[in-house]
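Chain residues, written in single-letter form:
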Amino acid sequence: MQSINKIRNNGWQSGSFHLFLFLFSVTHLLTAQEMPDKRVNKFSGAFWKSESVIFVKGEYISKYGKDIESYFDRFADSRYTVKSESELLPEDNKKHLYFFGPIGSFKNLTLYLPQVLKLTKDGFSLGPYSFVDSMTGIVLFSPDSTRFFHIGNSYSGCTQLWQTFYDMSQYLIMEKHAVSHHGFLNGESLDPENHYDVEKLRKQQLRKTSTRYYDFYYDEHAYHAGMDSAFLVEDKKIENVMAILQYDKPARKIQCYVYKDILQKYYCSATPGYGNPFIKAWQNHSIGLSPVEHESIHILFENQGNNLESTFFSEGIVGYYYASIDSLKWKKDRLLMTSNPNFPMKELIRDWHSQGFNEMSYTAAAHFTKFLIDSFGLNRFKLFVHISDMDTAFMEIYHASLDGMIHQWKEYHKKNEVVFGPQRAVTFRVFVENVPANDTIFITGSLPELGNWNPGIVALQKINKNTWEKTVKFNEGMILSYKITRGSWYAERLDDNKRVPENSTLEVVQNNIVEIHAKYWKDGK
């Protein structure tokens, strides 16, 4: 990542604009972000709920090729209006204008830009910082939500931001697909208390270790014992991915930033969430090692030359991989689909840019992708995702429309439904150490009987000083995932290596007693 070249530090010019970059796959929110989030939600809500949003095409857009036109075609296919700069009317200035594309594609962008941002010979400057790299891109909202700028120094930089701007936002300055600085404007200047030099934070806190396929950056104070061996396991995992999915070896090493918790991840990468890949930059930012394999599959998948921009099939190939190596995972997917017979599969597939994925969405994507590969082979699926238009892809590769494929999937689904048996009693018995006398032990998991992952609802009964237990009934054939806490995720049970463990999984086949030993806790008690 290139460093930002600082120009004269003359403060921020007048015209306060709030700066942020949207980020995807967000599963957690930070308490510290509550105020900025509310501010961003106010701006974005006012913008996107408006019936008068206009997408503005630059006058020189044609020199960037036809691919960028496809973005505006999608905008036009929705309820939004698309206009070129020359077509804007005086009354349009009262509407919500969205400028998307390379800075060089616009002729009159300076008429609409906030004064704090200036176009330069080699790119643009924002306050005291100069951005010249071709992959630099930014996203800006005006305080009154009438101007939205999604621009950068190249078309590739803009499209990379497009992939990451959906669910979450912060006030950021972004370079090389990795945040170098972030913060937000306070009046006409950058608020120093909420500004972070991320590159400096990385250098101060993160140690680098290289393996055959990865460059790992991690906080050695948070991860120390056994990390080198754990990294080598990730090499073996990615080799297994390449073998099963028949992928080529990575063209270059994947950079993995491994953080100890959501706060460190936020301040060192400004990418809230559990795991977030920057595809084209071959970067993976995650909390712990658990998401590394998952996110690396996305990076490999996107770098096979795929043209079909679809969250559904990107997540689907990951789900297919795990179903292929774990028969219990495949049964769990079948189980969830069986429990939701009227799931709107067609609508989810059609929503190609959907970022509002939940457990059911991931399962549906895995199930449908596995149907395609089981029925027609992996090679056909690879050809399918090489075609950018989904309807064309279905007809050319599978010789059927999407409706026809949905019909075939329903037949496949019927053959893979799970049949439930009678109820069975499962007793969870937890042996604890290092627990304050007044604390309570909880179990939480993937089913309503286990609190649907709320860490402080389903309490166990104290049998004696060191033993807690609870008996829960489930139908035979159910598959459940669970964890043990002391009422919150900050007091989650750790494994014997003092790390956050994977979810424990159990298939209910009989009456059972599950014994769990809890010696270490996330809060150090």
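Structure's up top.
Residues numbered from 1 in each chain as written. Predicted model: local features only at pLDDT ≥ 70, side-chain atom pairs only at ≥ 80, totals over all residues. Heavy atoms only, no water.

Peer 1: Can you walk me through the pairing of strand β5 (residues 81–84) in this structure?
Peer 2: For a regular strand, the rule is simple: side chains alternate between the two faces of the sheet. Direction of pairing for strand β4 (residues 53–57) relative to β5: parallel, over a ladder of four bridges. From the neighbouring strand, K57 faces β5, where its bridge partner is S84. In this view, the connection linking β4 to its parallel neighbour β5 by way of helix α2 (residues 67–77) has right-handed handedness. (Pairing = 2+ DSSP bridges. Helix = DSSP H or I, 4+ residues; strand = E, 2+ residues; numbered from the N terminus. Right-handed = clockwise from strand over helix to strand, strands pointing away.)

Peer 1: What is the right way to look at the sheet that holds strand β27 (residues 467–475) in this model?
Peer 2: Across the sheet, four strands lie side by side as β26-β27-β23-β31; this open sheet has mixed pairing. Across the chains shown, the open sheet's two edge strands, defined by having one partner strand only, are β26 (461–464) and β31 (512–518). Direction aside, neighbouring strands of the sheet carry axes that sit 30° apart on average. Here strand β23 (residues 423–432) runs beside β31; their pairing, made up of seven bridges, is parallel. In the strand pairing of β31, T427 is matched with I513. (Axes fitted to C-alpha atoms, helices over the stretch in contact; angles between N-to-C directions.)

Peer 1: Help me understand the pairing of strand β22 (residues 283–287), please; the structure alone is not making it clear to me.
Peer 2: With five of five residues buried, β22 is to be regarded as a mostly interior element. On β22, burial covers both faces: Q283, H285 and I287 on one face and N284 and S286 on the other are all buried. Summarising the sheet, strand β20 (residues 254–259) and β22 pair through five bridges and their orientation is parallel. Bridge pairing in β22 places Y257 opposite H285. Remark: four residues form the turn of the hairpin made by strand β21 (residues 275–278) and β22, two consecutive strands paired antiparallel; W282 in that turn has positive phi of roughly 55°. (Buried < 20%, exposed > 50% of the residue type's maximum accessible area, 1.4 Å probe, protein only.)

Peer 1: How should I be thinking about helix α4 (residues 198–205) in this particular structure?
Peer 2: In an α-helix, one full turn covers 3.6 residues, which means residues spaced three or four apart are oriented alike. Among all positions in α4, only V198, E199, L201 and R202 are buried. Down the axis of α4, the sector holding all buried residues measures 160°, keeping them to one side. Away from the buried face of α4 by more than 90 degrees, exposed residues K203 and Q204 are located. Two to three positions downstream of the cap, the backbone nitrogen of K200 sits 3.1 Å from a side-chain oxygen, assigning the N-cap of α4 to D197. (Arc of directions from axis to C-beta. Polar contact = N/O pair within 3.5 Å; in protein donor to acceptor, adjacent residues only side chain to side chain.)

Peer 1: What should I look at first to understand the sheet that holds strand β30 (residues 504–507) in this one?
Peer 2: As a general point, the strands of a sheet are linked pairwise by backbone hydrogen bonds and lie either parallel or antiparallel. In spatial order, the strands read β25-β24-β28-β30; together these four strands make up an open sheet with antiparallel pairing. A single partner strand is all that each edge strand has here, and the edge strands are β25 (458–459) and β30. Across the sheet, helix α9 (residues 327–339) lies against β28 (479–485) and β30, angled at about 105° from β28, the strand it touches most. (Contact = heavy atoms within 4.5 Å.)

Peer 1: Is there a simple way to think about the environment of Q246 in this case?
Peer 2: With respect to the helices and strands, the residue Q246 is situated in the loop between α5 (227–245) and β20. A relative accessible area of 47% means that Q246 is categorised as partly exposed. Each C-alpha atom, one on Q246 and one on N379, is 9.0 Å from the other, the two residues being 133 residues apart in sequence. Among all residues touching Q246, those that are not within four sequence positions of it are V241, L378, N379 and K382.

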